[in-house]
Amino acid sequence: MKKTMLLILFCWLSVYCRAQTQTDPKAIKEKMEWFADAKLGIFIHAGIYSVNGIDESWSFHNKKISYADYMKQLSGFTLKKYDPASWADLVKESGARYAVITTKHHDGVAMYDTKQDNLSIVKAAPANRDMVKPFFEELRKRGIKCGAYFSLIDWSHPNYPGFLKDSSRYAVQKDYDRWNNFRTFFQGQITEINNMFKPDLWWFDGDWEHSAEEWEAEKVRHIILSKNPAAIINGRLQGYGDYNTPEQNFPVTRPPFNWWELCMTINDNWGYQQADQNWKTPYEIITIFADVVANGGNLLLDIGPKEDGTIPDQEVNVLKELGAWNKKHAEAIFNTTGGIPAGHFYGPTTLSKDSTTLYLFVAGKTSGQLMLKGLDCKIDEISVLGNGAKLTYKVVGKISWSPVPGLVYIDLPDGVQDKYMTVLKLKLDKPVKLYRGQGGLK
Ligand code: GLC
C-alpha cells in the first residue's frame, strides 16, 4: 500500500515537474500559439548609452570609451519626456502584437527598480523612475504582449568574470564562490522581474559567455515557468529557450525551426546614435517583413529612444508606414502560415491557416504578367488586397491527360498597386496542392 502511494506520488511529481519546466512538446506548442500568429514585435533598446549616442555596453567593453566615461552617462539619462502611453500607442499603430524592452543590458544598468543593488536608472540617474513598469501597463491596456530583454552578461557587476574585451576579473573554475555570488544576484533579478512584471516573453541575451551549467539555465527556466507557466523564452539560454533568434541576418533559405524571430535594427545600431543616419526606408522594412512572414518567422524590429524618452522621427515614420501597410494587408500577414516553397513564385507568399487562400506579395511598382508555377488546384478568384480589384489570369501548358498543371499567368494592371508592396489574394478551390514533378506523365 505504502509502495503504491509512493509510486503515485512519484508519477504525479514527475508530470508536475515536467509541466513546470515545460519540456512537453504539446504544452510548448500551445503556449507558442500567440507568438506564431503575432508576426511582428517591437524591440526597444533604451539605456544610458543614448546619452552620448554610443554602442550599447559594447563601447566600453571594446574600449572605444573608458568604463568611467561610459558610466558618466548615468547623470545625463533623464527620461524627462518619457510618455509610456505614446510608446504603447506607436507599438499598437505599427501592427505589432508584442514589444520587448531592455530591463538590463550588458552594462548592468537596470531600467527598473531592482532591489538587488543600486545600479539602476531609478537610484543612479536623474530619471529616478522605473521605465519598464508603466510601459508594460500601457501595453497591457492595449492588448499587446510584454517582453523583457535581460542580459545575462553583466560587465559592471564586481562578481561577474567578464569585463573589458581583453581582461576579465577572474575565472569561474578558480573561484566558484564568487561566481555563486553573482548567480544569486542575477537570478534574484530574474525572480523580481518575473514577480513584478510577469513578462509574457523573456528575451535573454549574452548566453554565449557561459555554459548552461554555469548559468544554471535549467533552473532559470524553472524560476520563470514555475511562476508564469505561459511565459515564452527566447533561444539565448544555452539550449533552454523556445525559439531561435537570427540577428540582423536574413536567412537565405527557410529556417528549419517551428518558431523563429529575426531581430533587426531600423538603422545600423540597437540604441540611439545621432551619428547613424543609415535609416532603412518603409519599403525596405516592409519587404523584409513580408519575407520573414513568408518564411514562417516573426520580425522583432528595433527602435532606440533618446535619453529623454523621445523616439527619433525616422523610427516613428517607419513604424507608422508599416502600420498603415499592415492594416491594409492584415489578412495576408496575421494568423497566416508561411507560404509555398520558393521557386513557385518569385516573391514572398503566405497561406491562410486552412491553406485555401494563397497570398502573393509583389514588390515595388511591378505591373504586367506574373507567373506562378506548379499550382495544382483551381483558382476561384484573384483580387488585390485593400483595393478590391479582380484580376484575370490564364493557364498555359496544361494538356488534359497530363498531371502537369501548367503555368498560371496573372495580369496585374497599372493603378491597383500599393506604394510599397501589393498583395494578391488567390482563392483556391481546395487546400493548396503543388506539383513538383518532372513533367510529361510523371
Ligand atoms: C546582441 C548584442 C546586443 C544587442 C542584441 C540584440 O547580441 O550583444 O548589444 O542588444 O544583440 O539582439
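So, how was this worked out
- Counting starts from 1 at the beginning of each chain's written sequence and moves along it residue by residue.
- Restriction of local features to residues with pLDDT of at least 70 applies here, the model being predicted, together with a cutoff of 80 or more for giving and counting side-chain atom pairs; totals for whole chains, interfaces and linings are based on all residues.
- The basis for every side-chain value is the complete set of non-hydrogen atoms in the structure, without hydrogens or water.
- A helix here means a DSSP run of H or I that spans at least four residues, while a strand means a run of E at least two residues long, and both kinds are numbered starting from the N terminus.
- Between the two quantities, the radius of gyration covers C-alpha atoms and the globule rule is 2.2 Å times the number of residues to the power 0.38.
- Note on exposure labels: buried denotes an accessible area under 20% of the residue type's maximum, exposed denotes more than 50%, and partly exposed covers the range between, all computed with a 1.4 Å probe on protein chains only.
- A contact between two residues is defined here by any heavy atoms of the two lying within 4.5 Å.
- Values of accessible area rely on a 1.4 Å probe in the Shrake-Rupley scheme; residue burial ignores everything except the protein chains shown.
- Counted charges follow a simple rule, with Lys and Arg positive, Asp and Glu negative, and His plus the chain ends left uncounted.
- To locate a charge, take atom NZ for lysine, CZ for arginine, CG for aspartate or CD for glutamate.
- Polar contact is defined as a pair of N or O atoms within 3.5 Å, subject to the rule that within protein one atom must be able to donate a hydrogen and the other to accept it, and that residues adjacent in sequence are counted only when both atoms are side-chain atoms.
- Only a single heavy atom is needed: when it lies within 4 Å of a molecule or strand, its residue is near that molecule or strand.
- Ring geometry is summarised as follows: Phe, Tyr and Trp rings, the Trp one being its six-membered ring, pair when their centres sit within 6.5 Å, and such pairs are stacked at plane angles under 30 degrees, edge-to-face over 60 and tilted between the two.
- For this analysis, a salt bridge means a side-chain nitrogen from Lys or Arg found within 4 Å of a carboxyl oxygen belonging to Asp or Glu.
- Two strands make a pair as long as DSSP finds a minimum of two bridges between them.
- Axis geometry follows a simple rule: fit a line to the C-alpha atoms, using only the stretch in contact for helices, then measure angles between N-to-C directions, giving values from 0 to 180 degrees.

**Some points on the overall build of the chain**
Looking only at helices and strands, the chain has 13 helices and 17 strands in total. Here the chain has a C-alpha radius of gyration of 25 Å; the compact-globule value for 442 residues is 22 Å, and the two agree. Taken over the C-alpha atoms alone, the chain extends approximately 75 × 70 × 40 Å along its principal axes. The buried share among the 442 residues of the chain stands at 55%. The contacts of the chain with a sequence gap of at least 6 include a subset with a gap of at least 24, amounting to 71%. Within the structure as shown, the chain displays about 19400 Å² of accessible surface, and the carbon and sulfur contribution to it stands at 54%. Computing the positive centroid from 53 side-chain charges and the negative centroid from 51, the chain places the two 5 Å apart.

**Things to note about the side chain of His45**
Secondary-structure assignment places His45 in the loop between strand 1 (40–44) and helix 4 (49–52). Polar side-chain contacts of His45 include one of 2.8 Å to the side chain of Asp302. Leave out the neighbours within four places in its chain, and His45 touches Glu56, Thr102, His105, Tyr149, Trp270, Gly271, Asp302, Ile303, Gly304 and Pro305.

**Some thoughts on the site of the ligand**
As a structural note, the neighbourhood of the ligand is formed by 14 residues, with His45, Glu56, His105, His106 and Glu247 the closest of them. Here an oxygen atom of the ligand sits 2.5 Å away from a polar atom, N or O, in the side chain of His45. Measuring from an oxygen atom of the ligand, one finds a side-chain N or O atom of Trp58 at 2.9 Å. Relative to its free-state accessible area of 300 Å², the ligand is covered by the protein chains to the extent of 95%.

**What about the packing of aromatic side chains?**
Evaluated as defined, the whole model comprises 30 aromatic pairs. Between Trp87 and Phe135, the ring centres sit 5.6 Å apart and the planes meet at 75°, which makes this aromatic pair edge-to-face. With Trp87 in helix 7 (residues 84–94) and Phe135 in helix 8 (residues 132–141), the pair connects residues that are 48 residues apart, well separated along the chain. By relative accessible area, Trp87 is classed as buried at 3%. Ring geometry for Tyr112 against Phe197: centres 5.9 Å apart, planes inclined by 85°, an arrangement best described as edge-to-face.

**Remarks on the pattern of salt bridges**
In total, this model carries 24 salt bridges according to the counting rule given. A salt bridge links Asp308 to Lys81, with the nearest nitrogen and oxygen atoms 3.9 Å apart. Of this pair, Asp308 sits in the loop between strand 9 (298–303) and helix 13 (313–333) while Lys81 sits in the loop between helix 6 (67–72) and helix 7, placing them 227 residues apart in sequence. Here Lys141 makes a salt bridge to Glu138, at a shortest N to O gap of 3.1 Å. Placement of the pair is Lys141 and Glu138 together in helix 8, with a separation of 3 residues, close to one helical turn.

**A word on the sheet that holds strand 16 (residues 407–412)**
Judged by pairing direction, the sheet is antiparallel, and its 3 strands sit side by side in the order 13-16-15 without closing on themselves. In the strand order of this sheet, the two ends are held by strand 13 (368–372) and strand 15 (393–396), each with one partner. With strand direction ignored, the average angle separating the axes of adjacent strands in the sheet is 25°. As judged from the 5 bridges shared by strand 13 and strand 16, these two strands associate in the antiparallel manner. Note on strand 16: the bridge partner recorded for Leu372 is Val408.

These figures come from the coordinates and say nothing about function on their own.
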